[in-house]
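# Reading the structure
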Amino acid sequence: MIRRSLLTAALILVGSVALAPKTMAQTVDVPFTGTVGGACNFDQVTPGSLGMNQPSNPTALAGGFTGGAFGQVSVTCNAPSQLTVSQPVQTGGPTFTPMFADAFVNSSSGSTFANGGSPMMLPVGSPTMLNVDMYVDKGSPLTPGTYDYKVTLTVTP
C-alpha cells in the first residue's frame, strides 16, 4: 500500500512538472519624462553713475549726462525671452518726488524703456550686453548730496 501511494505520488509529481507551463522571459519599459524650462542668467553687474544736466543749479540726473556712465550687465537665455525695465527707485540721498523719471535699456538686440516701452526680445544662446541708463528730473534745483537709485531689469522666458 505504501508502494502504491509512493507510485501515485510520483506519477502526480511527474505529471505536474510535464504539464506545467514553461517559464518565459518578460520585459517591461519604465518611462521617464523631464521638462527643461526657459531660463536666463545675468552676469556680473557694472554699476552706473549719475551726471547732472548742468553743472550749476542742476535739476536732473542721468547716466547719459556729462560725468555719468551707463550701468551694464550681460544676460544669456536658453529660450526666447523678453526683458522689461522698471522706473528708477531712489535708495539714498536727499529725497524728492521727480516730475519725470524713466529708465532705458539698449543692446545690439534692441531697446526698451520703463514708461510704456514694449518688452525687448533677447536672443537665445549668446550673451547680450545690456547698457542701462536712467533719468530723474526734479523740475527745480536739486539739494546738494549723493543720490542713489536702482533700476530693476526683469527677464521672462
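Keep in mind that what you see is a predicted model, and the values were worked out from it rather than measured.

This paragraph deals with a nonpolar patch on the surface. A contiguous nonpolar surface patch, about 410 Å² in accessible area, is contributed by Val28, Val30 and Phe32. Locating Phe32 in the fold gives a position in the loop between helix H1 (2-19) and strand E1 (40-42).

A word on the side chain of Asp137. If you trace the backbone, Asp137 turns up in strand E10 (residues 128-137). The side chain of Asp137 is buried and forms no salt bridge, while Lys138, the nearest opposite charge, is found at 9.6 Å. Those residues in contact with Asp137, other than ones at most four positions away along the chain, are Thr59, Ala60, Phe96, Pro98, Met99 and Phe100.

Looking now at the state of the cysteines. Here the structure, examined in full by the defined rule, presents 1 disulfide. Put simply, Cys40 and Cys77 are joined by a disulfide, and their sulfur atoms are 2.0 Å apart. On the sign convention where negative means left-handed, the S-S torsion of about 110° between Cys40 and Cys77 marks this disulfide as right-handed. Note that Cys40 is positioned in strand E1 and Cys77 in strand E4 (residues 71-77), a separation of 37 residues in sequence.

Looking now at the pairing of strand E5 (residues 81-85). Alternating residues of E5 divide into Ser81, Leu83 and Val85, all buried, and Gln82 and Thr84, none buried. Two elements, E5 and strand E9 (residues 120-122), share 3 bridges in a ladder whose sense is antiparallel. The residue of E9 that forms the bridge with Gln82 is Met121. In this sheet, strand E12 (residues 153-156) lies alongside E5 in antiparallel orientation, the contact comprising 4 bridges. Across the sheet, residue Thr84 finds its bridge partner in E12, namely Thr154.

Before going further, it helps to examine the pairing of strand E7 (residues 100-107). Of the strand pairs in this sheet, E7 and E10 are connected by 7 bridges, and their pairing is antiparallel. Bridge pairing in E10 links Phe104 to Asp133. Inspection of the sheet shows E7 paired to strand E8 (residues 110-113) by 4 bridges, in the antiparallel sense. Residue pairing for E8: Asn106 is matched across the bridge by Ser111. Between E7 and the antiparallel strand that follows it, E8, lie 2 residues.

This brings us to the sheet that holds E9. Within the open sheet, the 3 strands sit side by side as E9-E5-E12. Their pairing is antiparallel. Of all strands in the sheet, those with a lone pairing partner are E9 and E12, marking the two edges. Mean inter-strand twist for the sheet, computed between neighbouring axes without regard to direction, equals 30°.

So, on to the nonpolar core. Most often, soluble globular proteins have nonpolar side chains that are buried together. In terms of nonpolar packing, the biggest core is built from 22 residues, with Leu83, Val105, Leu122, Leu130 and Leu153 touching the most fellow members. Secondary structure elements with two or more residues in this core: E4, E5, E7, E9, E10 and E12. Tallying contributions element by element places E10 first for this core, with 4 residues. Residues contacting Leu130, with those up to four places away along its chain left out, are Phe42, Gly71, Gln72, Val73, Val75, Leu83, Val105, Asn106, Ser107, Met120, Leu122 and Leu153.

Criteria and cut-off values
Residues numbered from 1 in each chain as written. Predicted model: local features only at pLDDT ≥ 70, side-chain atom pairs only at ≥ 80, totals over all residues. Heavy atoms only, no water. Patch = residues over 30% accessible without salt bridge, like charges linked within 9 Å, V, L, I, M, F, W, Y side chains within 5 Å. Areas by Shrake-Rupley, 256 points an atom, 1.4 Å probe, with all protein chains shown as cover. Salt bridge = Lys/Arg side-chain N within 4 Å of Asp/Glu carboxyl O. Helix = DSSP H or I, 4+ residues; strand = E, 2+ residues; numbered from the N terminus. Buried < 20%, exposed > 50% of the residue type's maximum accessible area, 1.4 Å probe, protein only. Lys, Arg positive; Asp, Glu negative; His and termini not counted. Contact = heavy atoms within 4.5 Å. Disulfide = S-S within 2.5 Å. Pairing = 2+ DSSP bridges. Axes fitted to C-alpha atoms, helices over the stretch in contact; angles between N-to-C directions. Core = buried A, V, L, I, M, F, W, Y, C linked by side-chain atoms within 4.5 Å.

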